[in-house]
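Observations on chain architecture
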Amino acid sequence: RRRWMDEGMSDSEYALNQSIEGFNELVDNMLAPTVHRVRCSRPLNNDINILGVENVVISDLTRNEAVKDEKLLHTKLESIIDSGSYIWWLNERWIVLSEEHNAVPSHRTFMIRKCEINANILINGEKYSYPVYAYNMTLYSDGLKELVNLSVSSAKYSIMIAENGITNTLDVGSRFII
C-alpha cells in the first residue's frame, strides 16, 4: 500500500500536493534562472506604490524574438499578485493581465505586458498617474493624417490599465492624449 493512501489521499491528490510543493520549493529557493524577485502592487488599490515583494517565475510567451513585451508570470497559489496588479521587473513596469488556467493547478499563471507610458488622469482637480500598456489598432498607418498644412492624429489605440476606484471612473471610449 502506498503511504499517501494511508493518509486518505488519492493518487491525484498526492500528485497535486507534490506539484505544489515542488513549485513552492523552486520559487522560495530561487532554484532556476527564471525565478526573479519582483516588487508588486495589490490589485484594486488606488495607490500603486503600496508594494509587496515576491519571488515569481517569468517565462517567454513565445520563442519569437519580435515579441519581447509579453511574458508569462507564474506565482504561488497564495500570492497577492492578481489580474490588475503591477510588477516591477528589470527596472520596467509590467501590468498583470488575464489569468491562464493550468492543467495541473500547482501555481497561478498570468499574461503580463510591459507598460511603456503613463496615463495621467485628472479627476476633481487631482492628478493621478498610472502605467498603461497601449497598442496601435490602426493598421498600415503611423496614426497621422496629413492635411495641407497640418498633421492630425487619426490613430486608434487600445489601452490596458489596472482597475481601481480612480480608473473605474473612466468610460469605455474615453479619449486620451498620448
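See the structure shown above.
To start, this report covers the structure provided alongside it.

Cut-off values and rules
Residues numbered from 1 in each chain as written. Predicted model: local features only at pLDDT ≥ 70, side-chain atom pairs only at ≥ 80, totals over all residues. Heavy atoms only, no water. Helix = DSSP H or I, 4+ residues; strand = E, 2+ residues; numbered from the N terminus. Buried < 20%, exposed > 50% of the residue type's maximum accessible area, 1.4 Å probe, protein only. Contact = heavy atoms within 4.5 Å. Pairing = 2+ DSSP bridges. Axes fitted to C-alpha atoms, helices over the stretch in contact; angles between N-to-C directions.

Along the chain, the position of Asn 24 falls in helix α2 (residues 11-28). Look at Asn 24 and you get buried, because its relative accessible area is 16%. Leave out the neighbours within four places in its chain, and Asn 24 touches Lys 76 and Glu 78.

What follows covers the sheet that holds strand β4 (residues 86-89). The antiparallel closed barrel is built from six strands, whose spatial order is β1-β2-β3-β6-β5-β4. Sheet twist, expressed as the mean angle between neighbouring strand axes with direction ignored, is 45°. As defined by bridge partners, strand β2 (residues 51-60) adjoins strand β3 (residues 70-75) across four bridges and the pair is classed as antiparallel. Across the sheet, residue Ile 58 finds its bridge partner in β3, namely Leu 73. Where α2 meets the sheet, it contacts β1 (35-41), β2 and β3, and its direction lies at approximately 110° from that of β2.

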